[in-house]
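# Structural overview for review
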Amino acid sequence: MLDRVKALSLLPDGMHVTTAMVATYFGVTAEVIRQLVKRHREELQINGLIVLRGADLRKFESDNMSLSLESYPQARRSLTIYSRRAVLNIAMLLRDSEVARQVRSYLLDMEYLARRRPAESSVPTEGLSLDDRIDQRITHILGKTVVPMFNALIETSGEHRRELLSLREDIENVERKLCWHHQRVSTLEGDAPTDQVRASIKAMTWQAFERHVADLLRRDDCTDVVVRQARSDRGIDITGRTPDGRTVAVQCKNRTGRSLVPSADMQKFAGASRAIDRFDLALFVATCEFSREAQAIADLSGVVTVSRSELEEWSAGVRLRALR
């Protein structure tokens with residue numbers, strides 16, 4: 001959860017951080033962290049704060065030589081270290097830190113999604129074919145067993161943490177791909193869910209389309225998702241944060257027929273999202289295709305375009321690649 005907001009640098013043991021590293025993560029001084037620990041020591045110790053002394057300190061320093069690179073030229077009598085759980089605990093207690101506020105916001109968003117998803121994904125099994133029940137069982141196992149297992153491994157692994165994070169993303173994408181392929185098979189059998197997705201998008205007003213895209217962002221674990229007021233959006237319809245903490249700006253174009261997104265619209269959005277507000281990720285989502293000039297401007301300015309076919313896949317359950 002901490003890394004979803006901002007990368008947390010760990011000691012060589014892959015499990016702990018020092019007071020200085022905690023302060024750097026939250027963007028505050030080390031003295032602020034020390035005062036907070038002084039006020040909440042008992043609670044933090046329950047959640048993984050440890051004060052090392054004597055033989056324990058010497059053993060820890062011998063295993064984590066990089067500690068000597070900190071500003072401690074003289075021998076130390078003690079060293080306070082924090083587990084990731086203790087750092088998360090500090091995020092719950094720290095007031096004057098934007099990073100701590102974002103961590104709390106992310107936790108609230110995850111709690112909200114956890115309550116919503118069972119109700120949204122629960123489908124009565126009565127009357128379903130054997131293939132449908134097998135598909136549901138596979139997606140359930142992936143989402144409720146395999147991914148949590150990777151979360152536990154990531155929590156305790158230091159050396160292979162990056163590889164585990166990559167594998168977890170791949171499994172989450174397999175889960176969504178399975179949903180999409182199941183819908184495509186159903187289309188071939190005559191159920192045509194893709195046509196239903198297309199018809200649903202086509203029937204949306206521009207306001208409903210913006211809300212639909214915002215819901216897709218939240219479904220893919222984005223946080224702080226806000227649909228902006230039309231009069232003051234400067235070409236940016238939605239803002240938020242990706243699961244890994246990047247700021248994201250979205251422009252939504254709901255166009256019917258065979259019309260193309262013109263270069264003028266792309267220039268306006270690229271200027272607002274990349275030059276003025278400097279968002280980390282800029283998404284231009286359209287219910288149609290992009291003109292050649294508009295796509296060229298997007299490529300030059302770093303704007304990610306999401307055309308009709310990609311939007312339909314995204315709406316059907318496939319995670320958008322740019323959000324991974």
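To start, this report covers the structure provided alongside it. Model, not experiment: these values are computed from the prediction.

## Remarks on the pattern of salt bridges
Scanning the model with the defined rule gives seven salt bridges in all. Close ionic contact of aspartate 220 with arginine 219 constitutes a salt bridge, the shortest N to O distance being 3.1 Å. When its relative accessible area of 0% is taken as the criterion, aspartate 220 is described as buried. Across the pair aspartate 265 and lysine 253 runs a salt bridge, and its minimum N-O distance is 3.7 Å. Of this pair, aspartate 265 sits in helix α12 (residues 263-276) while lysine 253 is found in strand β6 (residues 247-253), placing the two residues 12 residues apart along the sequence. Note on aspartate 265: relative accessible area 17%, which makes it buried. A single network of salt bridges, built from pairs that share partners, joins Lys253, Arg255 and Asp265.

## Describing the pairing of strand β3 (residues 78-83)
Relative to β3, strand β1 (residues 16-18) runs antiparallel, the two being bridged by three bridges. Bridged to threonine 18 within β3 is isoleucine 81. Where strand β2 (residues 49-53) lies against β3, five bridges are found, and the strand directions are antiparallel. Within β3, the position partnered with arginine 53 by the bridge is serine 78.

## Describing the sheet that holds strand β8 (residues 281-286)
Taken in spatial order, the five strands of this open sheet run β4-β5-β6-β8-β10, and their pairing is mixed. Unpaired on one side and paired on the other, β4 (223-227) and β10 (303-306) mark the two borders of the sheet. Here the average twist between neighbouring strands, direction ignored, is 20°. Direction of pairing for β8 relative to β10: parallel, over a ladder of four bridges. Residue pairing for β10: phenylalanine 284 is matched across the bridge by threonine 305. Contacts from helix α14 (residues 308-316) reach β8 and β10 within the one sheet, and its direction differs from that of β10 by about 80°.

## Notes on the packing of aromatic side chains
According to the stated counting rule, one finds three aromatic pairs in the structure shown. A ring pair is formed by phenylalanine 269 and phenylalanine 284, whose centres lie 5.6 Å apart and whose planes are at 90°; its orientation type is edge-to-face. One end of the pair, phenylalanine 269, is in helix α12; the other, phenylalanine 284, is in strand β8, with 15 residues separating them in the sequence. Per residue, the accessibility class of phenylalanine 269 equals that of phenylalanine 284, and both read buried. Centroid distance phenylalanine 284 to phenylalanine 290: 5.4 Å. Interplanar angle 80°. Geometry classified as edge-to-face. Three or more aromatic residues joined by ring pairs make a cluster, and in this case those are Phe269, Phe284 and Phe290.

## Re the pairing of β8
When you tally the buried positions in β8, you get six out of six residues, the bulk of the element. Side chains Leu281, Leu283 and Val285 project from β8 onto one buried face, and the interleaved Ala282, Phe284 and Ala286 project onto a second face that is buried too. The pairing of β6 with β8 spans six bridges and is parallel. Bridge assignment links lysine 253 to a residue of β8, and that residue is alanine 286.

## A closer look at the environment of valine 99
Relative to the elements of secondary structure, valine 99 occurs in helix α7 (residues 98-121). A C-alpha to C-alpha distance of 7.6 Å links valine 99 and lysine 6, two positions 93 residues apart in sequence. The contacts of valine 99, once residues within four sequence positions are left out, are Val5, Lys6, Tyr25 and Phe26.

The rules behind each value
- Numbers given for residues are sequential positions, taken from 1 along each chain in its written order.
- In view of the model being predicted, local features appear only for residues whose pLDDT reaches at least 70, and side-chain atom pairs are presented and counted only at 80 or more, with totals across whole chains, interfaces and linings using the full set of residues.
- With hydrogens and water set aside, each side-chain value is computed from the structure's full complement of heavy atoms.
- Every case where a carboxyl oxygen of Asp or Glu lies within 4 Å of a side-chain nitrogen of Lys or Arg is listed as a salt bridge.
- Partly exposed describes any residue whose relative accessible area lies between the buried limit of under 20% and the exposed limit of over 50%, with all areas from a 1.4 Å probe on protein chains only and scaled to the type maximum.
- Helix and strand assignments follow DSSP, with helices taken as H or I runs no shorter than four residues and strands as E runs no shorter than two, numbered in order from the N terminus.
- Only strands that DSSP links by at least two bridges are regarded as paired with each other.
- Working convention: axes come from line fits to C-alpha atoms, limited for helices to the stretch in contact. Angles between N-to-C directions cover 0 to 180 degrees.
- By definition in these notes, contact holds between two residues if any of their heavy atoms fall within 4.5 Å.
- The pairing test for Phe, Tyr and Trp rings, Trp by its six-membered ring, is centres within 6.5 Å, and the orientation test on the planes gives stacked under 30 degrees, edge-to-face over 60, and tilted for anything in between.

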